[in-house]
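# Structural overview
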Amino acid sequence: MSTESNFNPDKMKNLVTLCKRRGILFQSSEIYGGLNGFWDYGPLGVEIKRNVKEAWWHDMVQSHNEMVLMPGAPSKFEMVGLDCSIIMHPQVWKCSGHYDLFHDEMVDCTETKGRYRYDQMLGRWAECKGQKAFITADPKAEDAEQEIHRRAMKFFNLRAKDEGELKFTSDLTSLTTLDDFSQVLAPEAKHVGTLTEPREFNLMFKTIVGALGTEENAAFLRPETAQGIFVNFRNVVDSTRVRVPFGVGQIGKSFRNEITPRNFTFRSREFEQMEIEFFCPPEESRQWYEFWRNRRYEWYLKMGLSGDRLRLRDHEQAELAHYSTGTADIEYSYPFLQPGEFGELEGIAHRGDFDLRSHMEGKLVAKDGQLTLELDENGKPKHRGSGKDMSYFDDLTKKRFIPHVIEPSAGADRATLAFLCEAFQEDQAPDENGNMTSRTVLRLHPRLAPYKAAVLPLVRKDGMPELGAELYGELKEHFPCFYDEKAAIGRRYRRQDEIGTPFCVTIDSQTLVDGTVTVRDRDTLEQSRVKKDEVAAFIEEKIKK
Ligand code: ATP
């Protein structure tokens, strides 16, 4: 674990270009100019993201062995899955707290009509010729410091040779530290003092269910997948043989009307989550929290993120939600983040019995360190719960209790983006003439690579394409595979390197003689001679690791 910086706007630019050029990610509705905060995964991107989700589902849910005690776990446990609807009963969001509390504060600029998240606006105090202003950076700017410098020069009407007259009197600081905005120069604005006071903005997308179209039929697109699991707690217990402790995994779309979507897919308005709600006896919950916190961190390392760029950050007491006794974020230093900044990949929260109780009793609030029902001005419950019993009876200990919940909540898009950023490298490799030249390579973990192998006949004659086509068909039965017979072999290798194909299988003249092919390793560039019939097993063995 370290706090090393990975800030590299050029790398990010090159990765974004590669994603577009090779069909990994496209802007949504691009032909109409795009829609901010929405993205489409292209033919290769869909495979990469699906591999991320499948690796998560496989490792957390499908392959989980409830007969074995896992290292660090207080006991054996079970795992099952769910796939819940995106639109749920509106009462779900009232009891969960999202209806009243799920908002960000935003500020508007009266000059440019721009809208910004209050807590994300950064700036620096600058002085020149006796005038003072707080110069902000557009939250979308790649390099905030550079942008502020450029804007300050322009605002004070300075030419390059007069730069000495400009003085910055503060470091980069948040707008939230300011008491009034009269000297703030908003992003892209020409005048100071154009920002409004911060206002609350609910992040849930609203829609209407049914043909009547009245406010009474208003519903919301889920802002997290978790609630579907909580409201199905009884259904899962009653319909399966699971016993507490057990976990429920779910992968699905979530929607948040983010004020400033930015940084490629990092902050989108439509995204996918991979969430686990883990139900356990209250007295074991601390140990389970530690277990999941460590297990999830290890998972990202196993899938290829470097420990130098990944950190596990425990929340300070003040950051914790009122019901949480512990929360940790797994964070990655994405190349678009300033030195020292990390972006959240996943949050692991100890949620106590807040969720199950809320859906049973109604919306809860913390009072004197205890959760109690929130009342309206007439002393009635502000939001009524379902009234359904969400407790669990343990027939071994003969105890009835409301399970506590540990929630590892990850983003599939943020994870995909982190794996892409980590994998994207430029190094040297021999070209078709044997000279070392630079190449772009996506060193994706083989489990995440869109194709596991490419079949490349050396030349388009002597029966090589026919042999290649046959082998291609055979390998496709085992794993996703690509066939390419166009262009020089060196160029074809490069094309596979930049989309992360771990192995290139070449049919050459020796294949015609002894039935062997070469298998080239993307990372080591080593070439092994393997019997044609054994290629599938050879590659399968390697990608398992
Ligand atoms: P942030 O502070 O970055 O807005 P959050 O703390 O609100 O994130 P959670 O509510 O904990 O996020 O959501 C769990 C996970 O869902 C996050 O760790 C992240 O991976 C993913 N996620 C949340 N919001 C977005 C978004 N707007 N775009 C993409 N992924 C998201």
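As the structure is a computational prediction, the values presented were derived from the model and not from experiment.

## What about the overall build of the protein?
- Helix and strand content of the protein: 14 helices and 30 strands.
- With the principal axes as the frame, the protein shows a C-alpha extent of 90 × 80 × 50 Å.
- Looking at the 545 residues of the protein, the share that counts as buried comes to 53%.
- Counted over contacts in the protein with a minimum sequence separation of 6, partners at least 24 positions apart contribute 66%.
- Here the protein has roughly 25,700 Å² of accessible surface; of this, 48% comes from carbon and sulfur atoms.
- In the protein, the 75 positive side-chain charges and the 88 negative ones have mean positions that sit 2 Å from each other.

## Observations concerning the packing of aromatic side chains
- Applying the stated criterion to the full structure yields 28 aromatic pairs.
- Ring geometry for Phe 77 against Trp 292: centres 6.0 Å apart, planes inclined by 65 degrees, an arrangement best described as edge-to-face. Residue Phe 77 is located in the loop between helix H2 (43-62) and strand E3 (78-81), and its partner Trp 292 is located in helix H8 (residues 285-302); the two are separated by 215 residues in the primary sequence. Across the pair, exposure class does not vary: Phe 77 and Trp 292 are buried alike.
- Consider the rings of Tyr 451 and Phe 482, whose centres lie 5.1 Å apart with planes at 45 degrees: the pair is tilted. Here Tyr 451 is found in the loop between strand E25 (436-442) and strand E26 (453-457), whereas its partner Phe 482 is found in strand E27 (residues 481-483), with 31 residues between them in sequence.
- A connected cluster of aromatic rings, assembled from ring pairs, spans Phe 77, Phe 278, Trp 288, Phe 291 and Trp 292.

## As for the nonpolar core
- With 59 residues, the main nonpolar core has Phe 77, Trp 288, Trp 292, Tyr 300, Tyr 334, Leu 345 and Phe 419 as its most contacted residues.
- Looking at this core element by element, the count peaks at eight residues for helix H10 (residues 412-423).
- In terms of domain composition, this core takes at least three residues from each of domain 1 (9-35 + 48-102 + 205-418) and domain 3 (439-544).
- In this structure, Tyr 334 is in contact with Asn 6, Phe 266, Gly 343, Leu 345, Arg 414, Leu 417, Ala 418 and Cys 421, ignoring residues within four places of it in sequence.
- Ranked by size, the runner-up nonpolar core spans 27 residues in total, among them Ala 133, Ile 148, Val 184 and Ala 186.

## Quick look at the site of the ligand
- Taken together, 16 residues surround the ligand, and among them Glu 258, Arg 267, Ser 268, Glu 344 and Leu 345 come closest.
- Within the side chain of Arg 267, an N or O atom sits 2.8 Å from an oxygen atom of the ligand.
- In isolation the ligand exposes 590 Å². Once the protein is present, 81% of that is buried.
- If you list the elements that add at least two residues to the shell around the ligand, you get strand E15 (270-280), strand E18 (343-352) and strand E23 (404-411).
- Tallying contributions element by element places E18 first for the shell around the ligand, with four residues.

## Side note on the sheet that holds strand E17 (residues 326-332)
- One open sheet holds the seven strands; their spatial order is E3-E14-E15-E23-E18-E17-E16, and the pairing between them is mixed. The sheet is open, and its two borders are formed by E3 and strand E16 (310-314), each paired with just one other strand. Strand-to-strand twist in this sheet, taken as the mean axis angle between neighbours without regard to direction, amounts to 20 degrees.
- Packed on one face of the sheet, H8 meets E3, E15, E16, E17, E18 and E23 and runs near 165 degrees to E18.
- Set on the sheet, H10 makes contact with E15, E17, E18 and E23; between it and E15 the angle comes to about 110 degrees.

## Quick word on the state of the cysteines
- What the rule picks out here adds up to zero disulfides.
- Summary of cysteine pairing: Cys 84 is not part of a disulfide, and the nearest cysteine sulfur, belonging to Cys 95, is at 17 Å.
- By relative accessible area, which is 12% here, Cys 84 ends up buried.
- Sulfur of Cys 280: no disulfide; nearest cysteine sulfur belongs to Cys 84 and is 20 Å away.

## Overview of the domain arrangement of the protein
- Looking at the protein, the domain boundaries give domain 1 (9-35 + 48-102 + 205-418), domain 2 (105-200) and domain 3 (439-544).
- The gap between the C-alpha centroids of domain 1 and domain 3 is 39 Å.
- On the side of domain 3, 11 residues touch domain 1, which itself brings 12 residues to the contact.
- Counting the surface lost from both domain 1 and domain 3, the interface buries some 1,000 Å², and carbon and sulfur atoms represent 58% of this.
- Among the residues of domain 1 in contact with domain 3, Arg 22, Ile 48 and Met 303 are the three that bury the most area, contributing 49% of the side total.

## A closer look at the side chain of Glu 275
- If you trace the backbone, Glu 275 turns up in strand E15.
- At 6.2 Å, Arg 256 is the nearest oppositely charged side chain to Glu 275, a buried residue that forms no salt bridge.
- Here Ala 226 takes part through its backbone nitrogen, which lies 2.7 Å from a polar atom of the side chain of Glu 275.
- A polar contact of 2.5 Å, which involves the side chain of Glu 275, links it to the side chain of Ser 409.
- Each residue touching Glu 275, except ones within four places of it in the same chain, is listed here: Trp 56, Glu 224, Thr 225, Ala 226, Ile 229, Val 248, Gly 249, Gln 250, Glu 407, Pro 408 and Ser 409.

## Here we look at the pattern of salt bridges
- For the structure shown, the criterion picks out 50 salt bridges.
- The salt bridge partner of Asp 238 is Arg 234, with a shortest N-O separation of 3.3 Å. On the criterion of helical spacing, the pair formed by Asp 238 and Arg 234 is a turn pair, its members being four residues apart in helix H7 (residues 233-239).
- In this structure, Glu 346 and Arg 296 form a salt bridge, with 2.8 Å as the shortest nitrogen-oxygen distance. Of this pair, Glu 346 sits in strand E18 while Arg 296 sits in helix H8, and the two are 50 residues apart along the sequence. Here Glu 346 matches Arg 296 in class, with each residue buried.
- Here the salt bridges do not stand alone but share partners, grouping Asp 427, Arg 439, Arg 443, Asp 497, Arg 520, Arg 522 and Asp 523 into one network.

What counts and what doesn't
Residues numbered from 1 in each chain as written. Predicted model: local features only at pLDDT ≥ 70, side-chain atom pairs only at ≥ 80, totals over all residues. Heavy atoms only, no water. Helix = DSSP H or I, 4+ residues; strand = E, 2+ residues; numbered from the N terminus. Buried < 20%, exposed > 50% of the residue type's maximum accessible area, 1.4 Å probe, protein only. Contact = heavy atoms within 4.5 Å. Areas by Shrake-Rupley, 256 points an atom, 1.4 Å probe, with all protein chains shown as cover. Lys, Arg positive; Asp, Glu negative; His and termini not counted. Charge placed at Lys NZ, Arg CZ, Asp CG, Glu CD. Phe/Tyr/Trp six-rings, centres within 6.5 Å; stacked < 30°, edge-to-face > 60°. Core = buried A, V, L, I, M, F, W, Y, C linked by side-chain atoms within 4.5 Å. Domains from an automatic or database assignment. Near = heavy atom within 4 Å. Polar contact = N/O pair within 3.5 Å; in protein donor to acceptor, adjacent residues only side chain to side chain. Pairing = 2+ DSSP bridges. Axes fitted to C-alpha atoms, helices over the stretch in contact; angles between N-to-C directions. Disulfide = S-S within 2.5 Å. Buried area = accessible area lost by both parts, 1.4 Å probe. Salt bridge = Lys/Arg side-chain N within 4 Å of Asp/Glu carboxyl O.

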